[in-house]
Amino acid sequence: MGIFFQKGIHVRHNKRTSALQPVRIEHCSEVTLLMKQHIGAPCRPLVVPGDLVKVGQVIGDTDEGLAVPLHASISGRVARLEILRVVTGEDVKAVVITSDGKMTLAEDLAPPVLETQEDFFRAVRASGLVGLGGAGFPTHAKLRSAAGDADTLLVNAAECEPYITADHREALDAADDVMEGIALIARFLGIHTAVIGIENNKGDAIAKLRSLCAQASSHALKISTGILPSRYPQGAEKVFIHSLTGRVVPVGALPSAVGVLVMNLASVAFLGRYAKTGRPLISRTVTVDGSAVAKPMNVRVPIGIKLNELTEFSGQLKSAPAKIILSGPMMGTASPDLNAPISKCNNAVLLFDRAEAAVQPESACIRCGACVRGCPMKLQPLKLEAAYRAGNAAALRALCAMNCMECGCCSYVCPAKRELVQRIRLGKGILRTADTKAKADAAAPAAQKEAST
Amino acid sequence: MTPENEAVPVKHPLPASGGTQSDGSPPGALAMVSTSPHTHAHRTTRGIMLDVCAALLPALAASVYYFGTRVLAVTAVSVGCCVLFEFLSRIVMKRPQTVGDCSAAVTGLLLAYNLPATLPLWMVGFGALVAIVVVKQMFGGIGRNFVNPAIAARIVLLFSFAGPMTAWTLPTGHSWQVAPDAVASATPMAILGGGAETAGQSLPSLLQMFLGARAGSLGETCAAALLLGGLYLIVFKVISPIIPLTYLGTVAAFFFLAGGLDWRFTVYQLLGGGLLLGALFMATDYTTSPLTRKGKAIYGVGLGLLTAVIRLYGSLPEGVSFAILIMNILVPHIDALTAPIPFGKPKPPRKEGRRHAKA
């Protein structure tokens, strides 16, 4: 790669909350638990309106692919089942629980008994854990697929998105849990090397993790920190792996293909805690920030709290939010109102005022090449955009459109303000449609043949 | 009854019409929704163009100092006509107005810098017409022209009005008015080239060359001012240093070897003609230069070789314009050859033919 490959771009960090320990929301009047929190099949509600539920009680689950159980994050009464249109545009079923103000824990919460690898995978599934960094991939499935292939655990604390400091706080406030989590994963997956990758703009967290790494390392498990330059998207899985190990994940392959398992730092810390307490995933740290927020802060919220209750908690807004973003400004999704609930994978809520939300008009591409030099996947966004606009599936394929991870670097740097990643996303849609059609066409003659014989 | 049957769809209630909305938006208005990213860098096309204009100003000041106030007239006509033609073209073509991106002003400045200060003003206007209407707008406007508009216009003017375009005058010294008795002179490039008509003329000193006290196009003579502007663009990352470095490096290496390891001759070649203006401001034009770092390096070396070959063996004393024009045309091919290989994609296997040839 050499000097010709500088990964990603420099973004304005806006990390104003890294010194602020998360404030815990003690009383939340209502939570809305979406039955679909991440990829995979949606859960089926296991409660009906009127049921009394306790904190940590399973309220949704399914046997279908990739699902993990969903737990009540507060105690109280199931008020209703709703169908909510979420930010992705899907209609998703949700269980609404009204608080009884007591936060009574379910009685059957106990530390899991972990003897075999299968015990471990089952426990991870039962904990309801999905990747807390944002992608939300169910952790048990990730661990299962990595078992046997992975020789190295990479803990992702890069947190390269602007504003967000949730993982930074976790590294500072729950560093012991992180070490325990690493030890646990290493034990059950037979891993002997773990590296915590962290960007160099988090000096205090690096110092803390370094000292703990030295203590926690043994001859069977070597834990170290890997300091990364603060460049976006340093935390993107393939970029992260390459930065820390020099290994290149082939197009279309998973990290286990190069022998690594990547897990978000908050997920690892959660596993460390879960093994001790048996408390499932019912809360998470969320950074509340943005130009419309008067007092930026980190908040420990119950999963399912709605944004209006969260923003009420975080205090008076400077102005009406002109844009509401769930997760980071580079890859997060915008919500039209504050009626959206926090899901397991939201690490931030950003409220932008009009000036920050303003979108500048697009103008013609001047071929400055900033998008090409900024692309961490070494694609050519300007050519992909042209191919999309021409509806040219062959060109989109040749330019590896599917390898785009939609990090948004190209759109961020474009001086002509062209919506590059947005059109590449649509281009991927063209390719998917073309693939489905090709499959159908291939199947059709075969079916005809069968019918005639 | 399964629980699913009881699920009721909810309409999104509008946000409460609180009293906090001091920005005048109607209470209950929905927030803006768009796909990510939700934040952008501050740099804009217009900002880039204004940076280039700013970087060109020191050379303009030096030019006025050396060639008198007529420099301002030529520059004003060139910039004014370029902007006007851009404005009118967009109206005639019924396309969105782009005059606000200031790219026409940059073309105007660069065109003026490539002309002698004594050129009749109507010829300047004609050059602007060629640059903006023919080379830029007829191919679709900003980002679409396949050659640099100012370079193409200069070459058209050179062939159309060879006399006035090569009527060089020596700097008039500290004169703030049009110099009617300006001394005609050959450029250092012509003197180095050793034509019969330059016999008896002496070369300016290297210091004069560096400061710009020599005959030449109005914006190309002051190396100090051009380097200052170029440095500004490189420091603020408007341009990458790769093209200027490879271009100048190739020219330097070529003349150092061709001139029998004579460093003075090499420095004259670097400071002479339009090389610095071309290398820093014309060859680095985004639209007509390669996208990748590798491509830029190839482009720069190509420019250097062409410039040197034209200067050394061509019948023209100066080769920068033609080198840039020719390399501009090759840019799509350089881009195709240096396209980045997507991350994680196996490198394309070597061509079949080669393997067979070995076997």
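Please read all numbers here as calculations on a predicted model, not as lab measurements.

Colleague: For this particular structure, what's the right way to read the interface of chain A and chain B?
Modeller: As a measure of interface size, the accessible area lost when the parts come together is often cited. Listed as interface residues are 77 residues of chain A and, on the opposing side, 52 residues of chain B. At the junction of chain A with chain B, the criterion picks out one salt bridge. For D335(B), the salt bridge identified is with R367(A), shortest N-O distance 3.0 Å. Across the contact surface, chain A and chain B share 24 residue pairs in polar contact (both at pLDDT 80 or more). The element best represented in the side of chain A that touches chain B is strand β7 (residues 76-85) of chain A, accounting for five residues. Classifying every residue of the side of chain A that touches chain B gives 43 nonpolar, 17 polar and 17 charged.

Colleague: Looking at this model, I keep getting lost on helix α4 (residues 175-189) of chain A. Mind explaining?
Modeller: It helps to recall that an α-helix has 3.6 residues per turn; residues three or four apart then point in one direction. Residue and element names in this part refer to chain A. With 15 residues, α4 extends 21 Å from end C-alpha to end C-alpha; this agrees with the ideal 21 Å at 1.5 Å per step. With eleven of 15 residues buried, α4 is to be regarded as a mostly interior element. Among the residues making up α4, those that are buried are A175, D177, V178, M179, G181, I182, L184, I185, A186, F188 and L189. Positive backbone phi, at 65 degrees, marks G190, one or two positions downstream of α4.

Colleague: It is not clear to me how a nonpolar patch on the surface should be interpreted in this structure. Could you clarify?
Modeller: Residues and elements named next belong to chain B. On the surface, V134, M138, F139, F146 and I329 cluster together to form a nonpolar patch covering roughly 490 Å² of accessible area. Along the chain, F139 falls in the loop between α4 (121-136) and α5 (149-160). What makes F139 partly exposed here is its relative accessible area of 43%.

Colleague: When you look at the confidence of the model for chain A in this model, what are you seeing that I'm missing?
Modeller: This prediction gives chain A a mean pLDDT of 91; 97% of its residues lie at or above 70. Averaged pLDDT values over the elements of chain A bottom out at 84 in helix α14 (residues 420-452) of chain A and peak at 96 in helix α11 (residues 381-389) of chain A.

What counts and what doesn't
- Residues numbered from 1 in each chain as written.
- Chains lettered and ligands numbered in written order.
- Predicted model: local features only at pLDDT ≥ 70, side-chain atom pairs only at ≥ 80, totals over all residues.
- Heavy atoms only, no water.
- Contact = heavy atoms within 4.5 Å.
- Salt bridge = Lys/Arg side-chain N within 4 Å of Asp/Glu carboxyl O.
- Polar contact = N/O pair within 3.5 Å; in protein donor to acceptor, adjacent residues only side chain to side chain.
- Helix = DSSP H or I, 4+ residues; strand = E, 2+ residues; numbered from the N terminus.
- Nonpolar A, V, L, I, M, F, W, Y, C, P; charged D, E, K, R; others polar.
- Expected span 1.5 Å × (residues − 1).
- Buried < 20%, exposed > 50% of the residue type's maximum accessible area, 1.4 Å probe, protein only.
- Patch = residues over 30% accessible without salt bridge, like charges linked within 9 Å, V, L, I, M, F, W, Y side chains within 5 Å.
- Areas by Shrake-Rupley, 256 points an atom, 1.4 Å probe, with all protein chains shown as cover.
- pLDDT = per-residue confidence, 0-100.

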